[in-house]
Amino acid sequence: MENEAPEALEKRVKERREGLPELPNAKKGEVVLRFAPNPNGPLTLGHSRGVIINSEYANIYSGKIILRFDDTDTKIKRPDLKAYDWIQDDFKWLAGRKPDTVIEASARMDEYLRFAEKFISEGHMYVCTCSGEDFKQFRIDKQDCPCRNNDSTENVEKWIKMNDSDGGYSEGEAVVRVCTNMEHKNPALRDWPALRIQTTPHPKVGEKYRVWPLLDFQSAVEDYLQGVTHIIRGKDLMDSTRKQQLLYEMTGWTYPETLYWGRVKVHEFGGFSTSQMKNDIEEGKYSDWDDPRLPTAKAMRRRGISADAMKRFWVELSLTEKDISIPLATLQSHNAKVIDKDSPRLSFIQEPVKLTLTKEDVKIPEILEIPRHPLHEEFGFRKWQLEVEKEFEVYIEKDDYEFAMSNNGLLRLKDFADVQIYSSQNGKITSLTKSDGRAIIHWLAAGMEHPFALNKPDKNGEWGVVNGLLENNDYPLGQILQLERIGFARLESSEMIWTHS
RNA sequence: GCUCGCGUGGUGUAGUCCGGCCCAUCAUGGCGGGUUUUCAUCCCGUUUACCCGGGUUCGAAUCCCGGCGCGAGCACCA
């Protein structure tokens, strides 16, 4: 058998793959990856995929992950000074660590301009002074623009004029193009633009530079300079890869291995446009970037989604080029598994109804001890001081009260006692032990509560405040709680933010 | 218009390169049940899929051809 068909033995056995697929041509310890957002806002849910997938691969291959701020547009997607910090913060939360290197493209301008000048003098790029509209036509017609045939000396002169704020070209009058091929079958690759003039000051470096690289050029040069081995990007940038490969071919550089993912939408949010969110916040539709209704990393964190759940979520979606639309429930399901085991239980009474109960012959304890977590007694106990002398008052939810009224008034107060309730909002404690299969509800003893609010979405997804009574506690702000029979929520100073059930 | 990519259940995903081990994996959701003094966690059961049409082949989710659908690029945005 081995002698007759050796190739049959070499064929890989079909196995179920788990986690991320292998990176092509990756050597442990030598992988360099990068995540390159535009700092025009904090990270969105979409960006979180980039942080997680790239940093996961860096972990798997003991490689490096670079965080690069692609901030070379001063006009359309202006960098937001605050975003540089936000993104580093979001990155650290998602990846569980800081990036190995942080680069700001705007701080690397000298390098980009140096390479631009080199490529122009070598004839790989040229200065084009045609209008955008004219060039568009040349591209459609597969015709060279008049500037294409200028010799490199002339191009260097024009390059100097581009950089000259005094008497040179002004914004829109000249761009630098990569000399590819005007008959390339893919129109997107025909002499693509590499640098242009921008006179809007940059928030970081002001008016120090006049000619700025476009993404394709900046990214191509920086990836080379940093020794990036693998690029993982959206498939909308496939043509970007091809443009950059053409430049790499001219310069003799080796292009990184490139992988892509498709577009992701979340049912509840649709897409994740940073500029759209920015507008909406400015118009007052949302309070800020961490408004729980927004698909930002900040908002997810505020809603009590754990970084671990985000990681599981993105790793499960893996690296496919398919455009997908996924319900938030998938992320929430991962999250529930992660947070359930260490979320302390607490009672929260929505729309409370106060009941006065008689104790009859039942002897109630002065202190009721309820575990903070049903599966982890080592977390300790909640200790409720009960009123043994005077009237005994409790709060239950209006819905539970109404349910009891239409079902003979029998209820069990969880972890405490069986009660019989009357429509007068009075009742009696009938026994401490559970005597039958009656419904068990959560409740609060009077004196153990304080008014508090829960900010949560209704059935239609509209967020609103539910007022109620929260069990007294000393958990720190940011603690994720499980409100018994309701769901998870994260504690803030003036309210709780709903996580999910 | 030109160019590129993708099409497996309600939603994702494995398998597609190298055809048989796939009457198609795992998860999530739905439904039903169990455990639980929470409608949480956990456990069990159940449900539904290879875009369409040809071809090659003993055999096709997988290879070939042709459709159709969806998405993206063709920006002096990233």
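Structural data are supplied above this passage.
Residues numbered from 1 in each chain as written. Chains lettered and ligands numbered in written order. Predicted model: local features only at pLDDT ≥ 70, side-chain atom pairs only at ≥ 80, totals over all residues. Heavy atoms only, no water.

**Student:** Would you mind going over the sheet that holds strand β13 (residues 348–350) with me for this structure?
**Tutor:** Sheet strands pair by backbone hydrogen bonding; their relative direction is either parallel or antiparallel. Taking strand neighbours across the sheet as the criterion, the 7 strands line up as β12-β25-β26-β27-β23-β24-β13 in an open arrangement whose pairing is mixed. For this open sheet the edge positions go to β12 (345–346) and β13, each flanked by a neighbour on one side alone. Bridge analysis of strand β26 (residues 487–491) against strand β27 (residues 496–500) gives 4 bridges, and the strand direction is antiparallel. Note on β27: the bridge partner recorded for A489 is W498. Relative to the sheet, helix α12 (residues 328–340) contacts β12, β25 (480–483), β26 and β27, its axis offset from that of β27 by approximately 115°. (Pairing = 2+ DSSP bridges. Helix = DSSP H or I, 4+ residues; strand = E, 2+ residues; numbered from the N terminus. Contact = heavy atoms within 4.5 Å. Axes fitted to C-alpha atoms, helices over the stretch in contact; angles between N-to-C directions.)

**Student:** Even after reading the chapter, I still don't get the pairing of strand β4 (residues 125–128), so can you show me in this structure?
**Tutor:** A regular strand places its side chains so that they alternate between the two faces of the sheet. Side-chain alternation along β4 places M125 and V127 on one buried face and Y126 and C128 on a second face that is also buried. Where β4 lies against strand β5 (residues 175–178), 4 bridges are found, and the strand directions are antiparallel. Across the sheet, Y126 pairs through a bridge with R177, a residue of β5. (Buried < 20%, exposed > 50% of the residue type's maximum accessible area, 1.4 Å probe, protein only.)

**Student:** Sorry, what's going on with the pairing of strand β23 (residues 449–457) here?
**Tutor:** Where β23 and strand β24 (residues 463–471) come together, 9 bridges link them in antiparallel fashion. For P457, the partnering residue across the bridge sits in β24 and is W463. Taking the residues between adjacent antiparallel strands as the criterion, β23 and β24 are bridged by 5 residues, where G461 takes a positive phi near 85°. As judged from the 2 bridges shared by β23 and β27, these two strands associate in the parallel manner. Note that in β27 the partner of N455 across the bridge is I497.

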